[in-house]
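Architecture and fold: a report
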Amino acid sequence: MQFEFSALTDVGRHRKNNEDAVLIEADHGLVILADGMGGYNAGEVASALAVDVIARELKPGLTKSGEFVDVRSLRRAMEVCVSNANRAIFEAAQTQEACAGMGTTLVMAASLGQSLLIGHAGDSRAYRWREGVLMQLTRDHSLLQEQLDSGLITAEQAAVSPHRNLVTRALGVEENVLLDIQAFNVLPGDTYLLCSDGLTDMLTDSQIAEVLTAVPQADLRATRLVERANANGGHDNVTVALMQVVEMPKKSGFVAKLRKY
Ligand code: CA
């Protein structure tokens, strides 16, 4: 599958630092997005470490002659590189005073043939936009999601909950982390959106869908989504990454020739 990529990260309207990190490796069909947390600049260190380690370890296998020949081997490689990123952040947090307590969420997408593998830990999300319908593909690892699942609070209460940003899973917090990985079959016309909670705390799903409906171009979509998050308050750093399937030209020449004779 061929994709068009676009990504944008913005500090928002209230924060001094941008602790989000995003990386697109278009030639490798890889997108990595991380939302760091921790005092001083530690959140930035954690999210940058996650993106760097994962990209470095995964890229060589995601080439035409790469070793990831099937979904299974790619899935395994994602688990290994995220485990290594987790350990790198955890060890820095344990040994460097300025990094104490840091961690980061992660959402990543890796393309292999017709498949797209999406991995995540924490409350950074992936969505799919297909035929005018927006679907959330990831389930937040957050206290809020747990409260929703157990029926302790309603969706209305969740929208104003003070626990919005408490994640129950992140890289660098414990010695090991479990990455949720799902494989999706990509269809022509699909768009995949990865984002930090700075987008989804400020925009409802229907507001995200409005932007995707109004604007078809990947780069403009990224710009508009960030603008909209800031217009709605911009309480946090906001990061978006889009992967849009590039439509292949129709093979009309062959049919036309047949008809001619
Ligand atoms: Ca955030």
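For the structure, check the block above.
What you see is a predicted model; the values in this text were computed from it and never measured.

Where helix H1 (residues 42-58) meets helix H2 (residues 71-95), the closest approach of the two axes is 9 Å, and the angle between their N-to-C directions is 145°. Classified by chirality, the crossing of H2 by H1 is right-handed. Where H1 approaches H2, its residues Ala46, Leu49, Ala50, Val53, Ile54, Glu57 and Leu58 are matched on the opposing element by Leu74, Ala77, Met78, Val80, Cys81, Val82, Asn84, Ala85, Ala88 and Ile89. Considered class by class, the residues forming the contact of H1 with H2 number 15 nonpolar, 1 polar and 1 charged.

Strands in a sheet are paired, the pairing made by backbone hydrogen bonds, and the direction either parallel or antiparallel. Across the sheet, 5 strands lie side by side as E1-E10-E9-E6-E7; this open sheet has antiparallel pairing. If you trace the sheet from one side to the other, it starts and ends with strand E1 (3-10) and strand E7 (133-136), each paired once. Averaged over neighbouring strand pairs, the angle between their axes works out to 15° when direction is ignored. Pairing of strand E6 (residues 125-130) with strand E9 (residues 191-195), which is carried by 5 bridges, proceeds in the antiparallel orientation. Bridge pairing links Tyr127 to Leu193 in E9. Where helix H6 (residues 205-214) meets the sheet, it contacts E6, E7, E9 and strand E10 (238-245), and its direction lies at approximately 50° from that of E6.

A word on the sheet that holds strand E4 (residues 103-112). Across the sheet, 5 strands lie side by side as E2-E3-E4-E5-E8; this open sheet has antiparallel pairing. Across the chains shown, the open sheet's two edge strands, defined by having one partner strand only, are strand E2 (20-25) and strand E8 (180-185). The sheet shows a mean angle of 10° between the axes of neighbouring strands, taken without regard to direction. Relative to strand E3 (residues 30-37), E2 runs antiparallel, the two being bridged by 6 bridges. Note on E3: the bridge partner recorded for Glu25 is Leu30. Sheet strands touched by H1: E2, E3 and E4. Its angle to E3, the strand with the most contacts, is close to 155°. The sheet contacts of H2 involve E4, strand E5 (115-121) and E8, and relative to E4 the element is tilted by about 160°.

About the thresholds
Think of each chain on its own: its residues are numbered from 1, step by step along the sequence as written. With pLDDT at 70 or above as the cut-off, local features in this predicted model cover only qualifying residues; side-chain atom pairs require 80 or more to be listed or tallied, and sums for whole chains, interfaces and linings still use all residues. Only hydrogens and water are set aside when side-chain values are computed; all heavy atoms of the structure are taken into account. Axes here refer to lines fitted to C-alpha atoms; in helices the fit is confined to the stretch in contact. Angles between the N-to-C directions go from 0 to 180 degrees. Segments assigned H or I by DSSP are reported as helices when at least four residues long, segments assigned E as strands when at least two residues long, and all are numbered from the N terminus. Crossings are assigned a handedness: left-handed for a near helix turned anticlockwise from the far helix by less than a right angle, right-handed for a clockwise turn. Contact definition: two residues touch when any of their heavy atoms are within 4.5 Å. Side-chain classes follow a simple rule in which Ala, Val, Leu, Ile, Met, Phe, Trp, Tyr, Cys and Pro form the nonpolar group, Asp, Glu, Lys and Arg form the charged group, and the remainder, Gly included, forms the polar group. Two strands are counted as paired when DSSP detects at least two bridges linking them.

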